[in-house]
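# Architecture at a glance
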Amino acid sequence: MIVCCGEALIDMLPRKTESGEKVFAPYVGGSVFNSALALGRLGVPVSFFSGLSDDLFGVRLQEALRESHVDFSYARITNRPTTLAFVSLDEGQASYFFYDENTAGRTLANADLPDLGNDVAALLFGGISLATEPSGSAYEALMAREHAARVTMFDPNIRPAFIKDAEAHRARMQRMAAMADIVKISEEDLDWLGIGASYSEAAADILASGAKLIIVTSGARGASAYWAGGTVSVKAERVDVVDTVGAGDAFNAGMLTAMRQAGVLTKQGMAQLNEEIVREALAFAGHVAALTVSRAGANPPWRGELLTF
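Residues numbered from 1 in each chain as written. Predicted model: local features only at pLDDT ≥ 70, side-chain atom pairs only at ≥ 80, totals over all residues. Heavy atoms only, no water.

This part is about the pattern of salt bridges. Side-chain pairs of opposite charge can arise whenever the charged atoms involved come near each other. In the structure shown here, the tally under the stated rule is 14 salt bridges. Glu63 serves as the salt-bridge partner of Arg60, at 3.9 Å between the closest nitrogen and oxygen. Of this pair, Arg60 and Glu63 both sit in helix H2 (residues 56-67), three residues apart, roughly one helical turn. What makes Arg60 partly exposed here is its relative accessible area of 33%. Since its relative accessible area comes to 34%, Glu63 is described here as partly exposed. The residue Arg221 makes a salt bridge to Glu187 at a minimum N-O spacing of 2.7 Å. Residue Arg221 is located in the loop between strand E12 (213-217) and strand E13 (223-227), and its partner Glu187 is located in helix H5 (residues 187-193); the two are separated by 34 residues in the primary sequence. (Salt bridge = Lys/Arg side-chain N within 4 Å of Asp/Glu carboxyl O. Helix = DSSP H or I, 4+ residues; strand = E, 2+ residues; numbered from the N terminus. Buried < 20%, exposed > 50% of the residue type's maximum accessible area, 1.4 Å probe, protein only.)

All right, on to helix H4 (residues 166-179) then. Between its terminal C-alpha atoms H4 stretches 20 Å, which fits the 20 Å expected from 14 residues at 1.5 Å a residue. When H4 is considered as a whole, its buried residues turn out to be His169, Arg172, Met173, Met176, Ala177 and Met179. Buried positions in H4, seen along its axis, are confined to an arc of 155° and lie on one side of it. Buried residues along H4 sit against strand E9 (122-126), helix H3 (135-146), strand E10 (151-155), strand E11 (182-186), H5 and helix H6 (199-209). (Expected span 1.5 Å × (residues − 1). Arc of directions from axis to C-beta. Contact = heavy atoms within 4.5 Å.)

Let us look at the pairing of E9. For E9, a buried count of five out of five residues is recorded, marking the element as mostly surrounded by other parts of the structure. Of the two faces of E9, both are covered, the one formed by Ala122, Leu124 and Gly126 as well as the one formed by Leu123 and Phe125. Of the strand pairs in this sheet, strand E1 (residues 2-5) and E9 are connected by four bridges, and their pairing is parallel. Residue pairing across strands places Cys4 opposite Leu124, the latter belonging to E9. Bridging between E9 and E10 involves five bridges; their strand directions are parallel. (Pairing = 2+ DSSP bridges.)

The next subject is the packing of aromatic side chains. Applying the stated criterion across every chain, the model contains five aromatic pairs. Plain terms: the ring middles of Phe49 and Tyr139 are 5.9 Å apart, the flat faces sit at 70° to each other, and that makes the pair edge-to-face. With a gap of 90 residues between them, Phe49 in strand E4 (residues 46-49) and Tyr139 in helix H3 connect regions that are remote in the sequence. For the pair formed by Phe49 and Tyr139, the shared burial category is buried. An aromatic cluster of at least three residues, connected via ring pairs, comprises Phe24, Phe86 and Tyr99. Arg170 extends its terminal NZ or CZ atom over the ring of Trp192, reaching a point 4.0 Å from the ring centre. (Phe/Tyr/Trp six-rings, centres within 6.5 Å; stacked < 30°, edge-to-face > 60°. Lys NZ or Arg CZ within 6 Å of the ring centre and 35° of its normal.)

Structural data, given as structure tokens:
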């Protein structure tokens, strides 16, 4: 099983009524939440750990998890409100404005960390839940507790408007990257973190800190992977982009799915990566992401929708 650890929220996406009036429509979302849905739809045993609300939005989030076959027995459910993220789209690119004070996800604390079962092989961390307290410290503590025994994947997924203390957040990102086996990071995130003189040098720096596989995503240009045995790049599939909400989250799920299928989502497997395994995983992840951006909202594909895998 893979446990996805991070925020669940409601994306308020810009839409128009039949009369042309501009409105915001609520969609379930959250970086790691989206990855959990994608994993469930791809047929991977998956659980979700976060703070969830029992308000009307929280109930919808729980329903979405069930519908995509995601377990959430590790989650902490309270009567605190659900985080809302209002999304602005400019030529398909998303900007976010968050309402997150005193929410179920933000108030997650160390005392809420679950005891994981022996069936948990890997964990995924990332997203805005790492930028707030006490949730950020709680997720980091969980990663520190588990990373020696289980595969961990980390995606910083930086949202600058949500970060109050940039220096502290950069330090947390560096600590968590050093604990991770797999780091997926966008070029934009590397620019914000200020690691390395080039993206390849940044990947080398993260590898040197302890990670086993670094994936640098370049949007419509594709993605590159770096590990001790070499490097490989895969071009992005060409699709008509509706919006990019959830693209990176779907990519993460595709990467974990492919590596699980290849039998390398173990500590031993991470030490035995080769070009064929990494290239096929990148291609699979890119295909899952391409299907996601071809439709509105963070709506990852089901296994039966995959065209070539």
